[in-house]
Structures are given as C-alpha cells and as structure tokens.
Amino acid sequence: MKSIKLCVSALAVLFMCASFVFAETKHLFKIERSKNANIVQYDVNIDENGQINKTNPIDSYWLLYAKDGSREEIGSFEKKAYGFSIKYNEGGWFDMRMKAVEDRPIRVLMVNGEPRAEIMINGRAAFLSKIYINSKDNLVGIPKVSYYILTGNDIETGEEAIEKIEVK
C-alpha cells in the first residue's frame with residue numbers, strides 16, 4: 001500500500017514537472033514611459049503544443065527598473081492605462097486592444113514559431129516591439145498623455161518603423 005502511494009505521488013510530481021517543461025512565456029512588446037524607468041512588459045503564454053495559450057494568452061506586469069528591477073503585478077487602477085482586452089479570432093490569431101493605444105488594433109499571432117504583435121505603423125503592417133508614452137502629471141498628480149511612439153519592424157522590408165502619435 002505504501003509503495004502504491006509512493007508511485008502515485010511520484011507520477012503526480014512528474015506530471016507537474018512535465019507541464020512546466022512544455023509551457024513557457026515569450027516577450028511580445030513593452031511600454032516605456034517618460035515618468036520613470038519602470039516598464040510594462042507584455043508576454044505571450046505558450047502552451048505545451050508551442051501555440052499561444054487560448055485561455056490565458058497574455059501576461060502583463062511591471063518591471064521596476066527605477067527601483068530594483070523586480071516584477072510587480074499591474075494594479076486595478078493602473079489597468080485603466082495599461083490594461084487590454086484580447087479575444088481569439090477563428091482565423092488563428094488574437095485580436096488585442098490596448099488601453100494605451102485604443103485607436104490601433106493589434107493582432108497577436110505566431111510567425112515562424114515566434115509570437116508577434118502586428119500593428120499598423122505609418123500605414124504599414126509592422127511587428128510591434130515597443131510603445132513609448134510621454135505624459136505630464138496634472139495638478140492632482142494624474143498623468144495626461146501628450147503623445148506616444150510606436151516602434152517595430154516593417155513586415156515586408158524588415159526595416160525599423162517608428163511613428164509618433166500626438167494625443168489631443
């Protein structure tokens with residue numbers, strides 16, 4: 001009886017380890033800000049089949065570079081600026097909408113085994129790598145965005161693509 005319990009326990013541990021071996025996270029893009037060195041990182045959760053996890057596709061969090069480089073979850077108030085919505089599209093990609101750049105839809109998909117965030121930059125399809133947000137605090141300390149810059153690589157040419165968008 002003891003040996004059966006030991007075998008079941010060992011199998012449970014092996015199963016848990018195997019699921020961690022196959023599942024992974026890969027960087028997608030980041031948001032840098034004028035306020036300080038902290039960034040918001042957006043990663044893609046990859047399932048055991050090497051595809052984007054359909055139930056939990058994106059992991060977003062702070063990297064506190066202004067402090068010690070540690071990771072911190074995004075708070076509910078902060079999600080008003082850095083949150084997103086995402087849903088699976090039957091075409092095989094995810095439609096993502098960022099609060100920070102609501103006017104630019106993002107398509108998250110796998111390209112040659114790597115996750116990519118496809119967005120329009122200067123009227124051309126590009127793979128997004130970074131969003132830079134320039135803001136100024138108002139009288140009560142709430143930041144007001146003056147502009148943001150999208151940076152990525154043109155899908156057709158591979159050249160760097162940069163677009164500055166003024167916020168009215």
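In the block above lies the structure referred to throughout.
Residues numbered from 1 in each chain as written. Predicted model: local features only at pLDDT ≥ 70, side-chain atom pairs only at ≥ 80, totals over all residues. Heavy atoms only, no water.

Chemist: Whenever I open this one, the overall build of the protein confuses me. Can you help?
Modeler: Looking only at helices and strands, the protein features two helices and eleven strands. Reading the helices (α) and strands (β) of the protein from amino to carboxyl end gives α-β-β-β-β-α-β-β-β-β-β-β-β. Among the 168 residues that make up the protein, the fraction classed as buried is 34%. Within the protein, residue pairs in contact and separated by at least 24 positions form 38% of the contacts whose partners lie at least 6 positions apart. (Helix = DSSP H or I, 4+ residues; strand = E, 2+ residues; numbered from the N terminus. Buried < 20%, exposed > 50% of the residue type's maximum accessible area, 1.4 Å probe, protein only. Contact = heavy atoms within 4.5 Å.)

Chemist: Please clarify how the pattern of salt bridges should be interpreted in this entry.
Modeler: If the charged atoms of two oppositely charged side chains come close together, the side chains can form a pair. In total, this model carries eleven salt bridges according to the counting rule given. The salt bridge involving Lys30 is made with Glu32; its shortest N-O contact spans 3.3 Å. Given a relative accessible area of 27%, Lys30 falls into the partly exposed group. According to the relative accessible area criterion, Glu32 is partly exposed, its value standing at 23%. Bridged by salt links that share partners, the residues Lys30, Glu32 and Lys130 form one connected network. (Salt bridge = Lys/Arg side-chain N within 4 Å of Asp/Glu carboxyl O.)

Chemist: How do you make sense of the packing of aromatic side chains when you look at a structure like this?
Modeler: Aromatic ring pairs are reported here in terms of the distance separating the ring centres and the angle at which the planes meet. A full pass over the atoms with the stated rule returns five aromatic pairs. Relative to Tyr42, the ring of Phe29 lies with its centre 4.8 Å away and its plane at 20 degrees, an arrangement referred to as stacked. Placement of Phe29 in strand β1 (residues 24-33) and of Tyr42 in strand β2 (residues 39-46) is noted, with a sequence separation of 13 residues between them. Residue class for Phe29 comes out buried when judged on its relative accessible area of 2%. Seen from their ring centres, Tyr42 and Phe84 are 6.0 Å apart, and the 75 degrees between their planes marks the pair as edge-to-face. A residue pair is termed long-range when its members are at least 10 positions apart, and Tyr42 in strand β2 and Phe84 in strand β5 (residues 84-89) qualify at 42 residues. By relative accessible area, Tyr42 is classed as buried at 0%. Ring pairing ties together the aromatic residues Phe29, Tyr42 and Phe84, which thus form one cluster. Sitting above the plane of the Phe127 ring, Arg116 keeps its charged end 5.7 Å from the centroid. (Phe/Tyr/Trp six-rings, centres within 6.5 Å; stacked < 30°, edge-to-face > 60°. Lys NZ or Arg CZ within 6 Å of the ring centre and 35° of its normal.)

Chemist: What is the right way to read the side chain of Ser135 from this model?
Modeler: Structurally, Ser135 can be placed in strand β9 (residues 124-137). Contacts of Ser135, omitting those with residues within four sequence positions, involve Ser34, Pro143, Lys144, Val145 and Ser146.

Chemist: Would you mind showing me how to read unusual backbone geometry here?
Modeler: Both trends apply: most residues other than glycine have a negative phi, and most peptide bonds are in trans. One non-glycine residue, Asn112, lies in positive phi territory at about 50 degrees. Residue classification places Asn112 among the exposed residues on the basis of a relative accessible area of 79%. A positive phi angle, near 55 degrees, is found at Asn122, a position not held by glycine. Within the secondary structure, Asn122 is located in the loop between β8 (114-121) and β9. In this structure Asn122 comes out as partly exposed when scored by relative accessible area, which is 46%.

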